[in-house]
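Examination of the molecular architecture
What follows is each chain in one-letter form.
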Amino acid sequence: MLQQVNGHSSGSGAQGRASLKGDLREFLGGEVPLHQLDDLTKVNPVTLETVLRCLQARYAEDIFYTNAGCTLVALNPFKPIPQLYTPELMREYHAAPQPQKLKPHIFTVGEQTYRNVKSLIEPINQSIVVSGESGAGKTWTSRCLMKFYAVVAASPTSCENHKIAERIEQRILNSNPVMEAFGNACTLRNNNSSRFGKFIQLQLNRAQQMTGAAVQTYLLEKTRVACQASSERNFHIFYQICKGATEDERLQWHLPEGATFSWLPNPESNLEEDCFEVTREAMLHLGIDTSTQNNIFKVLAGLLHLGNVHFAYSEDEAQPCQLMDDTKVSVRTSASLLQLPEDMLLETMQIRTIKAGKQQQVFRKPCSQAECETRRDCLAKVIYARLFDWLVSVINSSICADPRSWTAFIGLLDVYGFESFPDNSLEQLCINYANEKLQQHFVAHYLRAQQEEYAVEGLEWSFVNYQDNQTCLDLLEGSPISICSLINEECRLNRPSSAAQLQTRIENALAGRPCLGQNKLSREPSFVVVHFAGPVRYHTAGLVEKNKDPVPPELTGLLQQSQDPLLMMLFPANPKEKTQEELSGQSRAPALTVVSKFKVLSQLEACGLVETIHISAAGFPIRVSHQNFMERYKLLRRLRLHTSSGFWGLCPAKGPSEQPLCAKEATLQPLLQDILHALPALIQTAPTPSDPAKATQIPLYCGRTKIFMTDSMLELLECGRAQMLEQCARCIQCGWRRYLQQKQEKQRQAAVLIQAAVRSWLTRTHIRRLHTAATVIKRAWHAWRIRMACLASKELDGMEENLMTQAPGSLSSSLPRAHSKLLGAIIHLWPLGLVLANSAVGTRGFQRKLVAHACLRLPPVSASKVQTAQQAQAGITSIRALPQGSVKFHCRKSPLQYADICPEPSASSVAGFNQILLERHRPVQV
């Protein structure tokens, strides 16, 4: 088939595959560059090779987040990138109207989850599953999500609430360093690998503000305290106290410089997680005071010294194993730090107590070398496990809010990643078993449930084949026989376990199972399980002992006699609850093994990448109930067009070949029918997709109870809704602006009328005042003119009479004739000189002509009204005609403001009697 498709008639299969890859590269070469594809559903075709190529291309461009339908794929950059997680970027994604339009980021998932919680239609609790292979960066992702919610969900109004929110935020963030120090370790895959699972519940009040948090942990890998694989390390806290303790603390905890401990491998490696001060400060913020911290670190130092205790082989089984010579000091130091009696500590590790018979007779039996070391390891593991659980309880008491103060929560689930090492034991079996449960839960709740929902809703659907790991789960936990049941049965038989015998039982009982493989080349007893992520080989040696996880009663009794305050609190002398061993001894019920604890983790989730991409690309990831669809998109009824095109692009539940659903189904509400009728007009206005497959894809299906649509259809509906809201807003704005404009026009017209009336009144008042003032001035001036004219006429008449009575020759007789003529000329022409001297500012016009005619004895002007021949011939001889000073102007007080002030006379003006003389001939107007 491959040869025919590629055009080859002959050739090997390798050549055909090479040609197919070449054609595939040529086909993909014309597409969009792979690093620009933000969603893996756009990869064409969707295969494991193309998906990995796209992720590799984006990783080369320092792009570490890619959408995969409803999930987000995160790649570990293995280098610090601070600009990718700044508070400004968090606020940008939080304030974006559509965060999914931004570049793929973990903040997009966090913001969408936060908006789902605060949704007004269906506010429900949300959870984010952070899963992946060991070393993929799950812990870092969970830490970034906690910081994101601490930023966006802490927006109090008052100052007091702001301080409370800051304290809660600080405590929640401080829980990370403490839990990572006591629960994370350096492995082959990651320097800060979580060796426990946790579920963090971020609690929100009605205002969607973070009021507290709660942490639930499970499946701590406590065996790491006493056993570490090659090139791996113990928990971070042991390295922190050895590297960060002061001189006084080293003396107090017996940790000298350069000391070596069996349970502290690779101490020379320096990691960022070895900062002791950060852990101390975080514990202090969580309410753990300095004295309690020192007590904790002293107990941890006692565990390190306990790891240096080694036993010698004893040939006589009746005699207990003795200590090696170089480990006696370690026993004494460990007992001193744990405040336990040294002899009792040593005796508990060397001798075990057995109760048998109906009378529960007690027998003491010396332990072998292996049993002594097992009891030593068990003592360290139970102390560390109790200490870790106590720290979790302290953290919860510090950050957990009152149940009455919060109404919703956002959950962060950080689980183990899939592990496959050269040597895999019960720890890897449990971790991979948990991941199988994750995959099965995801398949059941997303892939399978999605396709079944399509069938129930009546959609015509071509089912996508996906990898169902139910067969692997049947092998691990199935009934009646499975790997877990066989291991638990070996624990109940209470007999020395054999690795080869366990391998034989598994191979014989589970022969023919498709997920059970064999590795015949292995020299050690083992079996192979084909997981969904790949085959893993597990060694059977030590499986049964690790699964029992026994805590002998004498170890618990020993710890109850400790005088250390912390151990007295962790192991009370009179416990309220009975231990597991006591319950199993009374009821004869089987003990709860480690494998059995894993079978209660059915609430976990995960994702299958390629299957998710297939279904997300081919299916309808958006599904909305009829009620919610109507409430959100009822505005689209305005777009309804009465056309005969029908429901183009809208298909009923039974497929596109039948008649439209709205004409057939009578159960749909009229409002929903109107919305569906408006969709063709909306679809016709949308741009045609460039992809032919997407152009022929029906964007929306109407099921019996839900509306199914693609992301493109949802985007189209949101755009149409935004347009309708914009049109409504524009109509409201137009009406409001029209109202404002009309109001302003009316106000302007009213203002114009008022201004015109006021200005008219002010003008009339001003003119009236001016007219009154002018009338007063005019009357006063006329009165003064008449009075002065009368006085001047009277005076001139008297002077002429006196001149006429004198002898004509009296003056001339006393002077010579020439002098007499000169004097007469001077007297006769003196008024003319006076007129000419003041011609610039003096009299003009007709008055000037009258004076000139009088002085020169010319014939009188015909237009003259007042002049006598006698006056013209006689002239003026009165000495009083000479300038005698100014004549002051007096009048009544004027109602005007400055009318009663007399201006200063000009130096060149004609004043006094001369002015009267010159204006004598002016016609007087009465």
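Residues numbered from 1 in each chain as written. Predicted model: local features only at pLDDT ≥ 70, side-chain atom pairs only at ≥ 80, totals over all residues. Heavy atoms only, no water.

What the chain contains, in helices and strands, is 34 helices and 17 strands. Split into buried and exposed, the 926 residues of the chain put 41% on the buried side. A sequence separation of at least 24 residues applies to 69% of the contacts in the chain between residues at least 6 apart. Accessible area for the chain stands at about 51,400 Å²; split by element, carbon and sulfur atoms hold 55% of it. (Helix = DSSP H or I, 4+ residues; strand = E, 2+ residues; numbered from the N terminus. Buried < 20%, exposed > 50% of the residue type's maximum accessible area, 1.4 Å probe, protein only. Contact = heavy atoms within 4.5 Å. Areas by Shrake-Rupley, 256 points an atom, 1.4 Å probe, with all protein chains shown as cover.)

As a further point, take the packing of helix α11 (residues 290–307) against helix α14 (residues 369–399). It is at 10 Å that the axes of α11 and α14 come closest, and there the two elements cross at 160°. Comparing their axes, α14 and α11 come out roughly antiparallel. In this structure, α11 meets α14 at a crossing whose hand is left-handed. For the pair α11 and α14, the contacting residues are T292, I296, V299, L300, L303, L306 and G307 in the first and R376, L379, A380, I383, Y384, L387, W390 and L391 in the second. Broken down by class, the residue content of the contact of α11 with α14 amounts to 12 nonpolar, two polar and one charged. (Axes fitted to C-alpha atoms, helices over the stretch in contact; angles between N-to-C directions. Parallel < 35°, antiparallel > 145°, perpendicular 65-115°, else oblique. Left-handed = near helix turned anticlockwise from the far one by under 90°. Nonpolar A, V, L, I, M, F, W, Y, C, P; charged D, E, K, R; others polar.)

If you walk through the whole model with that rule in mind, you get 23 salt bridges. The shortest N-O distance in the salt bridge between R505 and E489 comes to 3.2 Å. With R505 in helix α18 (residues 499–509) and E489 in helix α17 (residues 483–492), the pair connects residues that are 16 residues apart, well separated along the chain. Look at R505 and you get partly exposed, because its relative accessible area is 24%. One salt-bridge network, in which partners are shared between bridges, spans R195, E221, R224, E232 and E419. (Salt bridge = Lys/Arg side-chain N within 4 Å of Asp/Glu carboxyl O.)

On to the sheet that holds strand β10 (residues 408–414), then. Judged by pairing direction, the sheet is mixed, and its four strands sit side by side in the order β3-β10-β6-β7 without closing on themselves. Every other strand in the sheet has two partners, leaving β3 (126–130) and β7 (210–218) as the edge strands with one partner each. Along the sheet, successive strands turn relative to each other by an average axial angle of 15°, direction set aside. The strands touched by helix α5 (residues 106–117) are β3, β6 (197–204) and β10; relative to β3, the strand with the most contacts, the crossing angle is about 160°. (Pairing = 2+ DSSP bridges.)

What follows concerns the sheet that holds strand β13 (residues 534–539). With antiparallel pairing, three strands are arranged side by side in an open sheet as β11-β12-β13. Pairing within the sheet leaves two strands with one partner each, and these edge strands are β11 (516–517) and β13. Pairing of β11 with strand β12 (residues 526–531) involves two bridges; the strand directions are antiparallel. Looking at β12, one finds that L516 is bridged to V529.

In this fold, N190 is placed in the loop between β4 (184–185) and β5 (193–194). At a separation of 3.3 Å, a polar atom in the side chain of N190 contacts the main-chain amide nitrogen of N192. Excluding anything up to four places from it in sequence, N190 contacts G135 and A185. (Polar contact = N/O pair within 3.5 Å; in protein donor to acceptor, adjacent residues only side chain to side chain.)

What follows concerns helix α4 (residues 87–95). Regarding α4, the residues found buried are L89, M90 and Y93. Buried residues of α4 fall within an arc of 105° about the axis and therefore sit on the same side. Opposite the buried face of α4, by more than 90 degrees, sit the exposed residues E88 and A95. Where the residues of α4 are buried, they touch α5 and α6 (138–152). (Arc of directions from axis to C-beta.)

On to the packing of aromatic side chains, then. Within this structure, the stated rule accounts for 15 aromatic pairs. Look at Y85 and F107: their rings are 6.2 Å apart centre to centre, the planes differ by 85°, and that puts the pair in the edge-to-face class. Of this pair, Y85 sits in the loop between β2 (71–74) and α4 while F107 is found in helix α5, placing the two residues 22 residues apart along the sequence. F107 shares its class with Y85; the two are buried. Between F107 and F148, the aromatic rings sit 5.2 Å apart at their centres with planes inclined by 15°, giving stacked as the arrangement. Residue F107 is found in helix α5, and its partner F148 is found in helix α6; the two are separated by 41 residues along the sequence. Note on F107: relative accessible area 0%, which makes it buried. Judged by its relative accessible area of 0%, F148 is buried. One aromatic cluster in this structure is built from Y85, Y93, F107, W140, F148 and Y149. Seen from the ring of Y239, R233 lies directly overhead, with NZ or CZ sitting 3.9 Å from the centre. (Phe/Tyr/Trp six-rings, centres within 6.5 Å; stacked < 30°, edge-to-face > 60°. Lys NZ or Arg CZ within 6 Å of the ring centre and 35° of its normal.)

This paragraph deals with the nonpolar core. Ranked by internal contacts, the top residues of the largest apolar core, which has 110 residues, are F182, I296 and L300. The element that contributes the greatest number of residues to this core is α14, accounting for 15 residues. Non-local contacts of F182, meaning those with residues more than four positions away in its chain, are made with F235, I237, M283, I296, L300, Y384, L387, F388 and L391. Within the second largest apolar cluster, 24 residues are counted, among which are L426, I487, L516 and V544. (Core = buried A, V, L, I, M, F, W, Y, C linked by side-chain atoms within 4.5 Å.)

Moving on to α14. The first and last C-alpha atoms of α14 sit 45 Å apart over 31 residues, in line with the 45 Å expected at 1.5 Å per residue. Along α14, 22 of the 31 residues are buried, which leaves the element largely enclosed by surrounding structure. (Expected span 1.5 Å × (residues − 1).)

On to the side chain of N308, then. Counting through the fold element by element, N308 comes out in the loop between α11 and α12 (328–338). Residue classification places N308 among the buried positions, given a relative accessible area of 14%. Within the structure, the side chain of N308 is placed 2.9 Å from the backbone nitrogen of S262, a separation counted as a polar contact.

Before going further, it helps to spend a moment on the pairing of β7. With seven of nine residues buried, β7 is to be regarded as a mostly interior element. Here eight bridges tie β6 to β7, and the two strands are oriented antiparallel to one another. Bridging from a neighbouring strand, Q201 pairs with A214 of β7. Counted along the chain from β6 to the antiparallel partner β7, the turn is five residues long, and its residue Q208 has a positive phi close to 60°.

Of all residues in the chain, 67% attain a pLDDT of 70 or more, and the chain-wide mean is 75. Across the chain, α11 holds the top mean pLDDT of 95, while helix α1 (residues 2–5) sits lowest at 32. pLDDT under 50 marks residues 26–31. Its contacts with residues more than four places away, or in other chains, come to six contacts. Segment residues 688–697: pLDDT under 50, and six contacts once partners within four positions in sequence are set aside and those in other chains are kept. (pLDDT = per-residue confidence, 0-100.)

Before going further, it helps to spend a moment on the packing of α4 against α6. At their nearest, the axes of α4 and α6 sit 10 Å apart, and the two run at 70° to each other. When the interaxial angle is binned, α4 and α6 end up roughly perpendicular. Where α4 crosses over α6, the two elements pack in a sense that is right-handed. For the pair formed by α4 and α6, the contact residues are M90, R91 and H94 on the first element and K147, F148, V151 and V152 on the second. Here the residues of the contact of α4 with α6 sort into four nonpolar, one polar and two charged.

What follows is about the environment of C321. Here C321 shows up in the loop between α11 and α12. On the basis of relative accessibility, which here comes to 2%, the residue C321 falls in the buried class. Along the chain, C321 and E371 lie 50 residues apart, while their C-alpha atoms are 9.8 Å from each other. Not counting residues within four places of it along the chain, the set of residues in contact with C321 comprises F311, A312, S314, Q350, C367, S368, Q369 and C372.

For the rest of this paragraph, the subject is the environment of Y384. Its place among the elements puts Y384 in helix α14. Using a relative accessible area of 1% as the deciding quantity, one classes Y384 as buried. Considered as a pair, Y384 and T223 are 161 residues apart in the sequence and their alpha carbons are 9.8 Å apart. Those residues in contact with Y384 that sit more than four places away from it in its chain are F182, L220, V225, F235, I237, F238, L300 and L303.

Geometrically, the link from S479 to P480 is a cis peptide bond, its omega value of 5° lying close to zero. Positive phi outside glycine occurs at D62, with the angle close to 60°. Mapped onto the secondary structure, D62 falls in the loop between α3 (48–60) and β1 (65–68). Not every positive phi belongs to a glycine, and S231 is a case in point at roughly 65°. Locating S231 in the fold gives a position in the loop between β7 and α8 (236–244). Looking at S231, the relative accessible area reads 53%, which means it is exposed.

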